[in-house]
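Structural description and commentary
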Amino acid sequence: MASAQNELFQLDSPLLGEIRGERSLMAFPFFALAKNAWMKPLAYSTPTVSIEVRPSARGVATIYDKEIVLYIASLMAAKMEAGMSISQDFTFTAHDLFSVTGANHSARSYSRLADALERLQGTQIRTNIEAGGEGEEGFFSWLSEARLQYARTGSGEKRLKAVKVRLCDWLFRAILRDRQVLDYASTYFQLGPIERRIYEVARSSCADGEPLDIDLSLLKLQTGFQNPLPNFRIAMRQIAAANAIPDYDIQMIEDASATSLSETEDAPRKAGRRPTPARVIITRRAAPTLEAAPVD
């Protein structure tokens, strides 16, 4: 019995290395930019990439639920680097997850964890993005299985021992075969929803050091921002002014003399007034250099 119990709760955590994520999940809007339940479907479409996300009874998986996916991907990447055998099943403690993501260890955090796991298992995704050299028709969920494993204390109280999940085939193949896994800044979990997506777009687009110069409306699409474009413009002005995205400088250029691409599609405007076109330039911030000590 003891050996069976030890096997049941054999852990893949704690995570000792960096937080990392699969590049496609960085580049494209698979998660709702919300902290609370988002009940509407999400869609992303370009000439080459299509994504459709359907909510469960608890809504679409959010950018905060994504923390669990990032943690699992990081555990998997660490095991691969260590030459360990891997499967789609991962077992970890909520304590280790919260320690990495910066969540407090309150009862509310454990309740949110249960809700997040339910959304990750219930959200349905369909995409034409291939993973590991294979495509999929139809829908899949981020987690094909998610369980909270409890033990009883002497007084009969339930105590959470471990979280056990099974990663979906699509993401498992992407990490295992494509090896397009990028590290995240340590301060990522301190960012708000929009800032997280701006960081991810920057990290996935500027990974080779080249700056990203993108029209404001296209950046809105890529981040998955659901409100009208004028709202996104305001948010990007604030983000550019704060310049607080880890590792990247954000510059927003508004040109009243140019022709807008598509801002009029998102919100009505007063007759005779055209919105000022805008583009965003994202540049990898140069690493600080250490000054040499003066020589006597």
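This is a predicted model, so every value here is computed, not measured. All residue numbers here refer to positions counted from 1 along the written sequence of the relevant chain. Totals for whole chains, interfaces and linings use every residue, but because this is a predicted model, local features are given only for residues with pLDDT of at least 70 and side-chain atom pairs only at 80 or more, for both listing and counting. Where side-chain values are given, they derive from all heavy atoms of the structure, hydrogens and water being excluded.

**A few points about the layout of surface pockets**
- Here the term cavity refers to a set of points on a 1 Å grid, laid over the protein atoms alone, in which a 1.4 Å probe fits but cannot get out; the term pocket refers to an open set having protein on both sides within 12 Å along at least five of seven lines, with lining residues being those that place an atom within 4 Å of a point. Grid points are joined across faces, edges and corners, and a volume is the space filled by probe spheres set on the points. One number sums up the size of the largest pocket: a volume of about 650 Å³.
- Contributing to the lining of the largest pocket are 24 residues, with Lys35, Tyr64, Glu67, Ser109 and Arg112 lying nearest its centre.
- Counting from the N terminus, the helices are DSSP H or I runs at least four residues long and the strands are E runs at least two residues long. Counting residues per element, the ones that place at least two in the lining of the largest pocket are helix H3 (66-81), helix H4 (94-101) and helix H5 (107-122).
- Per element, the largest residue contribution to the lining of the largest pocket is eight residues, and it comes from H5.

**Some thoughts on unusual backbone geometry**
- The omega angle of the peptide bond from serine 13 to proline 14 is 10°, so this bond is cis rather than trans.
- One can find proline 14 in the loop between helix H1 (2-8) and strand E1 (20-22).
- Unusually for a residue other than glycine, arginine 179 sits at a positive phi of about 55°.
- Residue position: arginine 179 is located in the loop between helix H6 (169-178) and strand E8 (181-183).
- The exposure class assigned to arginine 179 is exposed, which follows from its relative accessible area of 55%. For the exposure calls, accessible area comes from a 1.4 Å probe over protein chains only, and a residue counts as buried if that area is under 20% of its type's maximum, exposed if over 50%, partly exposed in between.

**Section: the pattern of salt bridges**
- Whenever a carboxyl oxygen of Asp or Glu lies within 4 Å of a side-chain nitrogen of Lys or Arg, that contact is scored as a salt bridge. All told, the structure shown has 19 salt bridges when counted by the stated rule.
- One salt bridge in this structure joins glutamate 81 and arginine 20, with 2.6 Å as the shortest N-O distance. Pair noted here: glutamate 81 is in helix H3 and arginine 20 is in strand E1, with a separation of 61 residues, a long-range link.
- The class for arginine 20 is buried, based on a relative accessible area of 10%.
- For the salt bridge of arginine 285 with aspartate 249, the shortest nitrogen-to-oxygen distance reads 2.9 Å.

**Concerning the sheet that holds strand E4 (residues 89-92)**
- The sheet built from three strands is open, its strands ordered E4-E7-E6 with antiparallel pairing. Strands at the two margins of the open sheet, each flanked by one partner only, are E4 and strand E6 (143-152). Each neighbouring strand pair of the sheet contributes to a mean axis angle of 20°, computed without reference to strand direction.
- Contacts are residue-level and defined by heavy atoms, with any inter-residue pair within 4.5 Å sufficient. To get an axis, fit a line to the C-alpha atoms, keeping to the stretch in contact for a helix; angles then go from 0 to 180 degrees between the N-to-C directions. Helix-sheet contacts for H3 involve E4, E6 and strand E7 (158-167), and the interaxial angle to E4 is about 105°. Strand pairing follows a simple DSSP-based rule, namely that at least 2 bridges must link the two strands.

**Points about the nonpolar core**
- One finds Phe30, Trp142, Trp170 and Met236 to be the most contacted residues of the largest nonpolar core, which totals 83 residues.
- Not counting residues within four places of it along the chain, the set of residues in contact with tryptophan 170 comprises Ser24, Leu25, Phe30, Thr127, Ile129, Glu130, Ala131, Glu136, Phe140 and Trp142. Nonpolar cores were defined as sets of buried Ala, Val, Leu, Ile, Met, Phe, Trp, Tyr and Cys residues, with membership established by side-chain atoms within 4.5 Å.

The quantities given are spatial measurements derived from coordinates; they are silent on function.
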